[in-house]
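Results of the structural survey
Residue-level listing of the chains:
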Amino acid sequence: MSTGNARSGDGTDIAAALADASGHLTFVERLTEDLGPAPERAAAVGAAVGRVRARLVDERLRLAVVGEFSSGKSTFVNGLLRTPVLPAAVLPTTATAVTIEYGPAFLVRVRVAGDPRWHTVGPKGDPAALEMQLARLEAALEAHAHASVRRPFGALDRMLEALTTDEGVAPHLSGLRVELPAEALADGLVVIDTPGTNAEARHTDIARRVMAEEADLAVVLTSALAPVPLSLTGFLLEAFDEAALARCTYLTTYIDRVPAEDRASVVDTVRRRLRGGLGLPDPTVEPISAEAVVRLAAGRPLEPGQADWVARFEETESRLRETLARRRAVAVADSTLRLLDDAVRVVADDVEARRASLAQDEAALDAARIRDLPGFLDEYRERGEKLIGSAADKARTEIEDRCGSVRERVWRGCEERIEGAASVSALESVVNDGVTTELREGLSTLLTDLDARMTDWFTTAVDSAATEVTEAFAVEYARLGEAGVSARPAARTQAATADAADAGAGALSPVALAARTAASLDRKGRWGAGAVGMAVGAMLGGPIGAGVGAFIGGLLGGRNLAKVKAEICEQVRARVSTAFDEARDAAEQAARTHRNAATTIFHAHLEKYRDDYDSAIAEIRSEQQTRGAELERRRAALGAATAEAEHRRSAIRTQRAVLAVL
């Protein structure tokens, strides 16, 4: 694009500004990469950097056209292009900006809301292909936007008119681009026609995006018949920041419809209202009439006085082109300033979010963790020991009762056998075999029964106590989870109950109980070979042994058999009582051993849970400390980046001030 009227030095300043902008963009990229904010936010900054970089290498100049509905926007665009591209009655329902750029043939690219594809329609050279393209676009409108095309497009011109004026179609577009072989666009001018500012609220966002991301300069059109209404200044203040407002040229349209003597007053009114409404100290305001240019371009004769307006339009256009060339660097500077602010803000927000998250997690841990772990464990230790103590009490009672009842039954059996002996030989057999059998069976039944019962009681006690602890810690870990603290029992705790059960099975099994009982009896040295045999030996003593026949004969000594039986019964009763006393003592010792074993197992269970909980909390604390250290690193890096960003802002503002007056 020609900029022959630019002042000396403009090109050098602009080139330097664009080169510096590249370095600023690299800083923004490094900042977001090094401090790694949330991926979606970093991606948004990266995408914005990409758009600005694309502007750096794209030398085309973009002119946005902004104005209220019926302010003459379409007429201005058609006059600028010297061809009637846009219908002169664009409805306020147009929902997207129309980008018009140079192309070797007239074609239109359309994107329908809800459909990411661009639909290309044109050029006109192949009627069959054009008809198919139009049909596909109509189908896309109906499928994705449920838009009703009131009449078939039929032709490219009619389609563009419908896309910008048909209230059943226009609101459903998300993108509209026109390529045109217009001489005015051949040197790289791109015109972006924005929706009417007084139409819908979403048009504010469209105009803001166009000015922030695409346009180098904007022309704001206001009708001389209703100059600068409050709705226009309100829109501009909402859509544009101060920098964007400074990149606007304000055109007063339809000035030829105002009496000649009032035109200067209208222009002064426009300038005054812009200063008051927008706070602009010296807005650039030019009166234009594009209708005469459109008329001339269409080959229609001009009306009296219109030739002057054609010449003035061309002068305005020339100044716009010069300003565009200079404002391109300003636009890039503005975009870079925004990116610097956005990048620092994104990183600062991320650091603050991390700080808040860490503080929240620390507070959650303090609120959810067991504050008095020893006291917590003591409570369950006491409850578990009570359960084990209850099992021991039950064992003592059962031992006493069972020893008494079995002893009485064994004695009755022995007595019946002795009393039933009818001769010395029969009595000898009873003493040698019957009494021994009676005692062996009685002791065996007693020991087996006590063994099974005590195993069950102590195992149940340990299981119940361990289950209470397991459930209590499960609740505590759940509290940590509900508070948002990531914690879980370690593998060793998961196995604690199983370990206790295995240990209990070994310590409290019937075999172990019987073995400990027998070992206790063996240590007394009274039972001989085999627990039951020793019990019999201890009961009968030495005299009633191998020489039982001689012993019985000695007892007879001329006395009758009944007296001998009575004496043997007395001795057997004493021995049975002694044997069962020994068995009771051994069983009680076994019960104490069981209690100690059960208590040890339960305490080990508690210790495993305590160690694991301590470890889990320590791991959380360690992770939080690591996050805290990383947070401090980020804070320091953010401080340095903020200082550098401010230095870069200052440099950009200085450079921008130079560019603004070129």
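We now turn to the structure provided with this report. (Residues numbered from 1 in each chain as written. Predicted model: local features only at pLDDT ≥ 70, side-chain atom pairs only at ≥ 80, totals over all residues. Heavy atoms only, no water.)

**Some remarks on the overall build of the protein chain**
In terms of helices and strands, the protein chain carries 19 helices and 9 strands. Within the protein chain, counting contacts between residues at least 6 apart in sequence, those at least 24 apart form 81% of the total. With an accessible surface of roughly 29900 Å², the protein chain has 52% of that area assigned to carbon and sulfur atoms. (Helix = DSSP H or I, 4+ residues; strand = E, 2+ residues; numbered from the N terminus. Contact = heavy atoms within 4.5 Å. Areas by Shrake-Rupley, 256 points an atom, 1.4 Å probe, with all protein chains shown as cover.)

**A closer look at the side chain of arginine 295**
Among the secondary structure elements, arginine 295 is positioned in helix H10 (residues 291-297). The exposure class assigned to arginine 295 is buried, which follows from its relative accessible area of 19%. Sequence-distant contacts of arginine 295, that is, excluding residues within four places in its chain, are made with Arg300, Pro301, Leu302, Glu303 and Gln306. (Buried < 20%, exposed > 50% of the residue type's maximum accessible area, 1.4 Å probe, protein only.)

**Quick word on the pairing of strand S2 (residues 98-102)**
For S2, a buried count of 4 out of 5 residues is recorded, marking the element as mostly surrounded by other parts of the structure. As defined by bridge partners, S2 adjoins strand S6 (residues 189-193) across 3 bridges and the pair is classed as antiparallel. Considered in S6, the bridge of isoleucine 100 is made with valine 191. (Pairing = 2+ DSSP bridges.)

**What to know about the environment of glycine 36**
Inspection of the secondary structure assignment puts glycine 36 in the loop between helix H1 (10-35) and helix H2 (39-57). On the basis of relative accessible area, glycine 36 is assigned to the partly exposed category, the value being 26%. For the pair glycine 36 and valine 347, spaced 311 residues apart in sequence, the C-alpha separation works out to 7.7 Å. Those residues in contact with glycine 36 that sit more than four places away from it in its chain are Asp350, Arg354 and Arg634.

**Quick word on the environment of histidine 146**
Positionally, histidine 146 belongs in the loop between helix H4 (127-144) and helix H5 (156-165). A relative accessible area of 68% places histidine 146 in the exposed class.

**Some details on unusual backbone geometry**
A cis amide bond, omega -5 degrees, links glycine 122 with the succeeding residue proline 123. Here proline 123 lies in the loop between strand S4 (119-121) and H4. At valine 228, a position not held by glycine, the phi torsion is positive, near 45 degrees. Looking at the secondary structure, you find valine 228 in the loop between strand S7 (217-223) and helix H7 (230-239). Overall, the relative accessible area of 5% leaves valine 228 in the buried class. A positive phi angle, close to 60 degrees, is found at tyrosine 254, a residue other than glycine. By relative accessible area, tyrosine 254 is classed as buried at 14%.

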